[in-house]
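These are the residues of each chain, in order.
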Amino acid sequence: MQNSSGMAVVPATDFSHGELTALWNRAYEGYFVPVAFDEQRFERHLRRGDVDLTLSRVLAVDGAACGISLVGRRGQRAYLAGFGIADSHRRQGLAGQLIKSQAAALSHAGIALAVLEVIEQNPARTLYRRAGFKELRMLDVREWSFEKHRRKASTRPEPAALQQLHRACAEVSRPTWRREWPTVLDALVREHAVALGVWRDDTLCAYAVMPPPGDGQGALLDAAALDETAAHELLDALATARPGTRWRLVDEPEGSPLLRAASARGAVPVIRQVEMALTLHQDNDAPLA
């Protein structure tokens, strides 16, 4: 899409990964939390989120790229995996143009539902509301470091058992896109993440997916429990597996067994996010943005 003012919205495939990485960093300059990427981390972000660059969009003004909208795709669902305007072009109404063009591209591609998470106090929350996104639920980011316990846990449960438990936990507390099974499996296979399991009567009842040994970041890639008792056991197991680690869990739904257990033990809230969703009407006659 291009108009007489010199603004154009084009597929992200028109740009190299290096160019998109640089644009990402400009779009997230001054953000609430640091999200600067080098090209390797950017490519990992694309892979883990199943980002479709053909469906994603870049906004340019007078030939200069200044806005990015990355979209992951799984079947008829989509995920806004990154959205922003470079500081030099903010407060000019460009974000509204970009989200409108992105929504049109999603509709044209047959996407039925698009989801995103936005930090609670981010002004973009209003932008998404105006674009038709509805707020679904609150998500917490929590940090903690608990004392070591003697509880035993199984490291590296079999992938089939882990997938089955992931599915069962998803019925209790639906995971966000970044913690759905395809992303978790990618971390296990491609990033050498380590699975930690908690067992009850020979049944796997809680799990965590930790970064590889020596990573040092303490950012859990995923974690879930069938009930609050299993969640407490998992927290003990994490403290035993890597004593002294300050763990961080992102996008945990309100009221989940794991959040209740972590909160009861003093896990510190860092930020809150709002999950939002846009229901799309398929429009095969709409031009691609």
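Residues numbered from 1 in each chain as written. Predicted model: local features only at pLDDT ≥ 70, side-chain atom pairs only at ≥ 80, totals over all residues. Heavy atoms only, no water.

Asks: Is there a simple way to think about the sheet that holds strand 6 (residues 134-144) in this case?
Replies: Hydrogen bonding along the main chain pairs the strands of a sheet, whether they run parallel or antiparallel. Spatial ordering of the open sheet is given by 1-2-3-4-5-12-6-11, a layout of eight strands whose pairing is mixed. Two strands close off the open sheet at either side, each with one partner strand: strand 1 (7-11) and strand 11 (247-253). Across the sheet, the axes of successive neighbouring strands diverge by a mean angle of 25°, strand direction being ignored. Pairing analysis gives five bridges linking strand 2 (residues 57-61) to strand 3 (residues 64-74), with the strands arranged antiparallel. Across the sheet, Val58 pairs through a bridge with Ile68, a residue of strand 3. Running over the sheet, helix 3 (residues 94-108) touches strand 1, strand 2, strand 3, strand 4 (77-85), strand 5 (113-119) and strand 12 (268-279) and is turned about 160° from strand 4. (Pairing = 2+ DSSP bridges. Helix = DSSP H or I, 4+ residues; strand = E, 2+ residues; numbered from the N terminus. Axes fitted to C-alpha atoms, helices over the stretch in contact; angles between N-to-C directions. Contact = heavy atoms within 4.5 Å.)

Asks: How should empty space enclosed by the protein be read in this particular structure?
Replies: Applying the stated criterion across every chain yields a total of four cavities of 30 Å³ or more. Roughly 150 Å³ of volume is contained in the largest cavity. The wall of the largest cavity is formed by 19 residues, among which Cys169, Ser173, Arg179, Ala223 and Ala224 lie closest to the centre. Of all the secondary structure elements, the ones that give two or more residues to the lining of the largest cavity are helix 5 (159-172), strand 10 (222-225), strand 11 and helix 8 (257-264). Considering every element that reaches the lining of the largest cavity, the biggest residue donor is strand 10, with four residues. A breakdown of the residues in the lining of the largest cavity according to their chemical character gives ten nonpolar, four polar and five charged. The computed volume of the second largest cavity comes to approximately 70 Å³. Every residue along the wall of the second largest cavity is listed here: Val71, Ala78, Tyr79, Leu80, Ile99, Gln102, Ala103, Leu106, Ala114, Val115, Phe133 and Leu278. (1 Å grid on protein atoms, 1.4 Å probe; cavity = no way out; pocket = protein on both sides within 12 Å on 5 of 7 lines; lining within 4 Å. Points joined across faces, edges and corners; volume = space filled by probe spheres on them. Nonpolar A, V, L, I, M, F, W, Y, C, P; charged D, E, K, R; others polar.)

Asks: Would you take a moment to explain the pairing of strand 2 for this structure?
Replies: Every other side chain in a regular strand lies on the same face of the sheet, so the side chains alternate between the two faces. Across the five residues that make up strand 2, a large majority, five, are buried. Burial of the side chains of strand 2 extends over both faces: Arg57, Leu59 and Val61 are buried on one face and Val58 and Ala60 on the other. Pairing analysis gives five bridges linking strand 1 to strand 2, with the strands arranged antiparallel. Note that in strand 2 the partner of Val10 across the bridge is Val58. In sequence, strand 2 turns back onto strand 3 through a hairpin of two residues, with Asp62 there showing a positive phi of about 50°. (Buried < 20%, exposed > 50% of the residue type's maximum accessible area, 1.4 Å probe, protein only.)

Asks: Even after reading the chapter, I still don't get unusual backbone geometry, so can you show me in this structure?
Replies: Glycine aside, negative phi is the norm for most residues, and most peptide bonds take the trans geometry. The residue Arg91 is not glycine, and still its phi comes out positive at about 60°. Within the secondary structure layout, Arg91 lies in the loop between strand 4 and helix 3. One non-glycine residue, Asp251, adopts positive backbone phi at about 60°. Mapped onto the secondary structure, Asp251 falls in strand 11.

Asks: Explain the side chain of Asp140 to me, please; I cannot follow it from the model alone.
Replies: Examined against the element boundaries, Asp140 turns out to sit in strand 6. Here Arg142 takes part through its side chain, which lies 3.0 Å from a polar atom of the side chain of Asp140. (Polar contact = N/O pair within 3.5 Å; in protein donor to acceptor, adjacent residues only side chain to side chain.)

Asks: Would you mind showing me how to read the environment of Gln217 here?
Replies: Position of Gln217 among the secondary structure elements: in the loop between strand 9 (203-210) and strand 10. Taking relative accessible area as the criterion, Gln217 reaches 60% and is therefore assigned exposed. For the pair Gln217 and Ala27, spaced 190 residues apart in sequence, the C-alpha separation works out to 24 Å.

Asks: Would you mind showing me how to read the side chain of Gln102 here?
Replies: Among the structural elements, Gln102 can be located in helix 3. Gln102 has contacts with Leu55, Ser56, Arg57, Ser69 and Val71, leaving out every residue within four places of it along the chain.

Asks: Any chance you could explain the environment of Ala261 here in plain terms?
Replies: The topology assignment puts Ala261 in helix 8. Ignoring anything within four residues of it in the chain, the contact list for Ala261 reads Glu228, Ala231, His232 and Leu235.

Asks: What is the right way to read the pattern of salt bridges from this model?
Replies: Counting across every chain of the model gives 26 salt bridges. Put simply, Glu275 and Arg174 hold a salt bridge, and the shortest N to O gap is 2.9 Å. Of this pair, Glu275 sits in strand 12 while Arg174 is found in the loop between helix 5 and helix 6 (181-190), placing the two residues 101 residues apart along the sequence. You can call Arg174 partly exposed: its relative accessible area is 41%. For Arg179, the salt bridge is made with Glu252, and the minimal N-O distance between the two is 2.8 Å. With Arg179 in the loop between helix 5 and helix 6 and Glu252 in strand 11, this residue pair connects regions lying 73 residues apart in the sequence. For Arg179, a relative accessible area of 6% corresponds to the buried category. Classification of Glu252 by relative accessible area gives buried; the value is 4%. (Salt bridge = Lys/Arg side-chain N within 4 Å of Asp/Glu carboxyl O.)

Geometry only, nothing functional implied.
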